[in-house]
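Fold and contact review
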Amino acid sequence: MERGLSPNTLAAYRADLTALERWLDSHDGDLTAANRGDLLSFMASRIEAGARPRSTARQLSSFRRFYRYLVREGSLREDPTAQIAMPKVGRSLPRSLTEEEVEALLAAPAVGDPLGHRDRTMLEVLYATGLRVSELVNLKLSAVNLNQGVIRIVGKGDRERLIPLARKPCSGCSSSCRARASRSCSSGRPTTCSRRGAATV
């Protein structure tokens, strides 16, 4: 919460700590009394079970945040993760879509239906701006400036950024806004709401 992490990241960290706590309980250990050897044994068991380096690195990051917090608060004298090296995670290059694949993706929604038109607009905005799906789903009408062609996004760590919006997505957003206005939707609701007004992907 102090670092402004997203709910999904917090949930992942919580799940990592819960998994460690259960493993320690089964080995007569305790979460707040774990040492470097305990953590290495837990990580080794996860790797033997098929965990990938990226998953192990994320778990270690969760543990570091937790134990550093305990040290800062005076609950622990030493951080058991201090001498544990982060696993090496290779970077894989993303596979880009071909022009035909992009056209097929954008043509998939049935634009004659209001939800289909919404879906087409969402895909165009994603493709044109590179927004995260979570950012698009929670996008408010008040954050979309069609006159200037920009979207205001508050991302990780409460950092705000302005993203240019191309003409075609702008047109789709404008149509979606008019449709929402006809249904008396509030500007505080997500722009990607369903027929019932709930946020939806």
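Shown above is the structure to which this text applies.
For the structure given in this document, a descriptive report is provided here. Because the structure is a prediction, the values reported are computed rather than measured.

**Some remarks on the packing of aromatic side chains**
What characterises a pair of aromatic rings is the spacing of the ring centres plus the angle enclosed by the ring planes. Across all of its chains, the model carries 3 aromatic pairs by this definition. Ring centres 5.8 Å apart and planes at 65 degrees place the aromatic pair F42 and F63 in the edge-to-face group. With F42 in helix α2 (residues 36–48) and F63 in helix α3 (residues 53–72), this pair connects stretches of sequence that are 21 residues apart. The buried category is assigned to F63, whose relative accessible area is 0%. Joined through ring pairs, the aromatic side chains of W23, F42 and F63 make up one cluster.

**Remarks on the nonpolar core**
Grouped together as the largest cluster of nonpolar side chains are 16 residues, with contacts concentrated most on L20 and Y67. Of all the secondary structure elements, the ones that give two or more residues to this core are α1 (7–26), α2 and α3. If one sorts the elements of this core by residue count, α3 sits on top with 5 residues. Not counting the four nearest positions on each side in its chain, Y67 is found in contact with L20, L31, A34, L39, L76, D79, P80 and T81. Judged by nonpolar contacts, the second largest core, of 11 residues, contains M122, L131, A143 and I153.

**Here's the deal with the packing of α1 against α2**
It is at 11 Å that the axes of α1 and α2 come closest, and there the two elements cross at 105 degrees. With respect to their mutual orientation, α1 and α2 come out roughly perpendicular. Where α1 approaches α2, its residues A19, L20, W23 and L24 are matched on the opposing element by D38, L39, S41, F42 and S45. Grouping the constituent residues of the contact of α1 with α2 by class yields 6 nonpolar, 2 polar and 1 charged.

How each quantity is defined
Residues numbered from 1 in each chain as written. Predicted model: local features only at pLDDT ≥ 70, side-chain atom pairs only at ≥ 80, totals over all residues. Heavy atoms only, no water. Phe/Tyr/Trp six-rings, centres within 6.5 Å; stacked < 30°, edge-to-face > 60°. Helix = DSSP H or I, 4+ residues; strand = E, 2+ residues; numbered from the N terminus. Buried < 20%, exposed > 50% of the residue type's maximum accessible area, 1.4 Å probe, protein only. Core = buried A, V, L, I, M, F, W, Y, C linked by side-chain atoms within 4.5 Å. Contact = heavy atoms within 4.5 Å. Axes fitted to C-alpha atoms, helices over the stretch in contact; angles between N-to-C directions. Parallel < 35°, antiparallel > 145°, perpendicular 65-115°, else oblique. Nonpolar A, V, L, I, M, F, W, Y, C, P; charged D, E, K, R; others polar.

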